[in-house]
Amino acid sequence: MPKVLRRWSLVLALALVALPGTRAFSDPAGGGIGGLGIHPGGIGGTGIHPGGIGGTGITALGVIQRFGSIYVNGQEYVLSPQTRYSVDGAAGTAKDLRLGDRVTVQAAADRQAVAQVVRVEHAVIGRVTNVDAAKRQFTILGETIQAGKMTPLTVRNSDQSLPFAALKAGDVVSVSGLDRGNGHWLATEICRRYPADAAPARVPLLLRGRVDAIYPGQNTLEVGATKLKVNGTLLRAIQVGQSVVVRGEYTDGKTRAESISPTALAAQEVGNRVSLLGYLDRGTDGWTTHGVSLVENHHTLYENGDAADMQAGSMVAIEGRVQAPGVVAVESVTFSVNPMDFDVPVLPPMAQGARDDWERSENEGERPEVNSPEIERPDVERPELEPQVERPELLDGD
């Protein structure tokens with residue numbers, strides 16, 4: 001049984017011992033462990049229904065830590081011929097997956113966690129406007145991106161790796177990462193799509209984040225550190241605090257926002273087991289991460305800390321179960337985690353040298369074999385995004 005499933009089984013066993021004859025969490029559809037049925041709606045609108053132990057599945061939101069299947073939040077997810085892929089909502093393939101990509105995985109919780117859906121969800125795509133090499137920071141669309149010492153910087157459609165110093169203003173990049181709030185991101189993967197001197201006239205832009213303010217009279221929406229001029233009719237369906245994704249393009253260097261739409265919450269299927277890795281935020285009704293409400297109780301286990309360490313801005317790994325759409329009953333919280341190596345099994349001795357090489361690769365421009373996917377890179381570009389609404393303006397300033 002996979003390590004994460006063993007941990008969940010232990011947590012559940014403790015809860016059942018404490019409350020004999022009752023379920024840890026009720027299922028409004030009359031299911032539960034050993035009796036939980038599959039709920040309608042499928043995974044993110046795909047029509048795929050998770051199966052596995054007692055009819056439940058696994059939802060994981062984190063970053064790709066290792067290949068050979070994929071590891072996310074320390075759990076291995078098997079990629080099968082039936083696995084479906086998407087990249088920012090567009091159909092994709094296994095060739096699109098990169099080390100450090102932020103992904104949402106839907107899987108069957110059986111002897112092996114077989115991935116049914118893998119969704120790559122970039123944080124930002126656009127032109128770099130400023131680079132601070134000393135701080136390992138750069139800016140896109142007003143968002144501040146912080147890169148770690150081991151954050152990979154790669155070249156699109158290539159296995160080439162670059163040192164951070166190679167990143168320049170004007171480069172077009174895609175960034176996978178975790179939202180720290182207030183327009184700040186921790187980058188877990190950076191891919192240079194075009195160098196500044198070779199970018200085409202039209203390149204895509206994307207911004208993912210939470211709506212911090214709405215100005216109906218100005219037809220303006222504020223997401224993170226960015227203000228957007230939008231079609232006023234779109235604001236009727238958007239609320240402050242909601243997670244959205246903005247899509248558009250640069251045309252001759254000018255930004256155009258083409259659509260703004262709500263993003264689906266990671267935890268929707270009632271009864272699914274959940275693994276979330278991200279920063280804590282304080283919502284109106286308690287703690288959240290990735291927009292998912294976290295419900296603690298006296299059975300919740302804490303590692304590397306206790307309940308008093310639940311603080312805004314802390315990175316945590318959450319394991320639990322979907323109690324209601326967008327609400328997770330928390331079984332365990334782990335503090336002080338590194339998204340790239342949290343709970344990943346120790347490499348065998350033969351591969352240890354490659355792991356050490358990874359730390360040196362930042363300056364050498366190399367990637368260790370153990371961390372490289374065994375699949376080829378795509379030979380074609382992703383399709384251009386088609387406008388969904390009339391093209392509004394994107395404000396340059398705050």
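It should be noted that the structure appears before, not after, this text.
Below is a short write-up of the structure. By convention here, each chain's residues receive numbers from 1 onward along its written sequence. For this predicted model, a pLDDT threshold of at least 70 governs which residues receive local features, and a threshold of 80 or more governs which side-chain atom pairs are given and counted, while totals over whole chains, interfaces and linings are taken from all residues. Each side-chain value is worked out from all heavy atoms of the structure, with water and hydrogens disregarded.

**Here we look at the pairing of strand 6 (residues 113-120)**
Think of it in three bands: residues with accessible area under 20% of the maximum for their type are buried, residues over 50% are exposed, and the middle band is partly exposed, with areas taken using a 1.4 Å probe on protein chains only. In this description a helix means any DSSP run of H or I spanning at least four residues, a strand means any run of E spanning at least two, and both kinds are numbered starting from the N terminus. Here strand 6 lies mainly inside the structure; seven of its eight residues are buried. At least two bridges found by DSSP between two strands is the condition for calling them paired. Bridging between strand 3 (residues 75-87) and strand 6 involves six bridges; their strand directions are parallel. When the sheet's bridge partners are listed, Arg84 is paired in strand 6 with Val117. Inspection of the sheet shows strand 5 (residues 102-109) paired to strand 6 by seven bridges, in the antiparallel sense. When the sheet's bridge partners are listed, Val103 is paired in strand 6 with Val120. The antiparallel pairing of strand 5 with strand 6 creates a hairpin that spans three residues between the two strands.

**Considerations on the environment of Val316**
Within the secondary structure, Val316 sits in strand 23 (residues 315-324). Note: C-alpha distance between Val316 and Thr289 (27 residues apart in sequence) is 8.9 Å. When checking whether two residues touch, look at their non-hydrogen atoms; a contact exists if any pair is within 4.5 Å. Apart from the residues lying within four places of it in its own chain, the contact partners of Val316 are Leu276, Leu277, Gly278, Leu280, Val333, Thr334, Phe335 and Val337.

**Notes on the nonpolar core**
A general tendency of soluble globular proteins is for nonpolar side chains to be buried together. If you look at the biggest cluster of nonpolar residues, it comprises 35 residues, and the most contacted ones within it are Val124, Phe138, Ile140, Val173 and Leu221. In this view, Val124 contacts Ile140, Leu141, Ile145, Val173, Ser174, Val175, Trp185, Leu206 and Leu207; residues no more than four positions away in its chain are not counted. Residues grouped as a nonpolar core are buried Ala, Val, Leu, Ile, Met, Phe, Trp, Tyr and Cys residues, joined through side-chain atoms within 4.5 Å. Counting 20 residues, the second largest nonpolar core, distinct from the first, contains Ile70, Leu97, Ala115 and Val120.

**Some remarks on unusual backbone geometry**
Trans is the common state for peptide bonds, and a negative phi is the common state for residues other than glycine. Positive phi outside glycine occurs at Asn73, with the angle close to 55 degrees. By the secondary structure assignment, Asn73 is in the loop between strand 2 (70-72) and strand 3.

**Some remarks on the packing of aromatic side chains**
Pairing of aromatic side chains here covers Phe, Tyr and the six-membered ring of Trp, requires ring centres within 6.5 Å, and sorts the geometry by plane angle: under 30 degrees stacked, over 60 edge-to-face, intermediate tilted. One pass over the full model with this rule turns up two aromatic pairs. Here Tyr302 and Phe335 contribute two aromatic rings whose centre-to-centre distance is 6.4 Å and whose plane-to-plane angle is 15 degrees, an arrangement assigned as stacked. Pair noted here: Tyr302 is in strand 22 (residues 301-303) and Phe335 is in strand 24 (residues 327-335), with a separation of 33 residues, a long-range link. A relative accessible area of 4% means that Phe335 is categorised as buried. Positioned above the aromatic ring of Tyr71 is the side chain of Arg66, whose terminal nitrogen or guanidinium carbon lies 5.3 Å from the ring centre. Here, a charge over a ring is recorded when the distance from Lys NZ or Arg CZ to the ring centre is within 6 Å and its angle to the ring normal is within 35 degrees. Above the ring of Trp287, the side-chain terminus of Arg282 is found at 4.5 Å from the ring centroid.

**A few points about the environment of His298**
Take His298: it is sitting in the loop between strand 21 (292-295) and strand 22. For His298, a relative accessible area of 71% translates into the label exposed. Through-space distance from the C-alpha of His298 to that of Glu331 is 9.6 Å; in sequence the pair is 33 residues apart.

**Some remarks on the pairing of strand 16 (residues 243-251)**
Sheet faces and side chains relate simply in a regular strand, where the side chains alternate between the two faces. With seven of nine residues buried, strand 16 is to be regarded as a mostly interior element. Relative to strand 16, strand 13 (residues 202-215) is paired through nine bridges, and the arrangement is antiparallel. Directly across from Pro204, in strand 16, lies its bridge partner Glu249. In terms of strand pairing, strand 16 meets strand 17 (residues 254-262) through eight bridges, oriented antiparallel. Bridging from a neighbouring strand, Val246 pairs with Ile260 of strand 17.

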